Amino acid sequence: MKAFLLTWQFPYYVNYILASSIGGVAACLIRVPFEVVKQRAQTSPDASIVGLFRQTYAAEGIRGLYRGFFNTISRDIPFSFIEFTLWEYFKTSWANMQGTVIQPWQSSMSGALAGAIAATITCPIDVTKTRVMLATGDSVLLRSSLIRNIWRIFSEEGLKGIFAGIAPRLVWISLGGAIFLGVYDKAKVVLLGQI
């Protein structure tokens, strides 16, 4: 996608934003139903995954399986374009500072830092998304916009509420960014070197 968008000759950051946004929406179309069922399984540990999937579909239809879809893409699109744009920026800056192409381990460190920043910025959206997915019945969360829900959580619980779970989120996403983006760059070097 990024290579295709580069042919349109947008500024580089627009290409990263568009590519990551398109990829994020496509991934959410597949991921959100599984995320809904996973989160319900976490609050009902004795239920089976298949049973929860069937139960959600029977009670709420396809809308139940896609509950929180808007909140998820509202988190994933900014997360992706922040993470990938910063990753590319950090790699380019590092390469310019040392005067040579960076190594995969440097790409990995750039990915960890970019992931940590993106995770922190999007944490309030992630908290809201999780609460919407787990909301039951006529919860006000199901009837309100993302911004109103973030504000509601903040006004009732403060920063602690909208940044709930930030520590494991930072660890998980920083490690993921380091491993995924470092391995991606290493694989790219290996594969392009053999072509």
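Everything numeric here is computed off the predicted structure, so don't read it as measured data.

Caption draft 1: Local environment of helix 6 (residues 146-162). Between the first and last C-alpha of helix 6 there are merely 12 Å, a value that for 17 residues lags more than 12% behind the 24 Å anticipated at 1.5 Å per step. At E156, helix 6 shows its largest kink, close to 105°. Taken residue by residue, helix 6 has L146, N149, I150, I153, G161 and I162 as its buried positions. Contact partners of the buried residues in helix 6: helix 4 (69-98) and helix 5 (104-134).

Caption draft 2: Summary view of the environment of F70. With respect to the helices and strands, F70 occurs in helix 4. Taking relative accessible area as the criterion, F70 reaches 53% and is therefore assigned exposed. Expressed as a C-alpha distance, the spacing of F70 and S174, which sit 104 residues apart in the sequence, is 24 Å.

Caption draft 3: Quick look at the nonpolar core. Formed by C123, I125, V127, L146, I150, I153 and I162, the largest nonpolar core amounts to seven residues. Of all elements in the fold, only helix 5 and helix 6 reach the threshold of two or more residues within this core. Per-element tally for this core: the top contributor is helix 6, with four residues. C123 has contacts with I162, F163, A164, I166 and R169, leaving out every residue within four places of it along the chain. Formed by six residues, the second largest nonpolar core is a distinct cluster that contains C28, V32, F69 and M133.

The rules behind these values
Residues numbered from 1 in each chain as written. Predicted model: local features only at pLDDT ≥ 70, side-chain atom pairs only at ≥ 80, totals over all residues. Heavy atoms only, no water. Helix = DSSP H or I, 4+ residues; strand = E, 2+ residues; numbered from the N terminus. Expected span 1.5 Å × (residues − 1). Bend = angle between axes of the 7 residues up to and from the residue. Buried < 20%, exposed > 50% of the residue type's maximum accessible area, 1.4 Å probe, protein only. Contact = heavy atoms within 4.5 Å. Core = buried A, V, L, I, M, F, W, Y, C linked by side-chain atoms within 4.5 Å.

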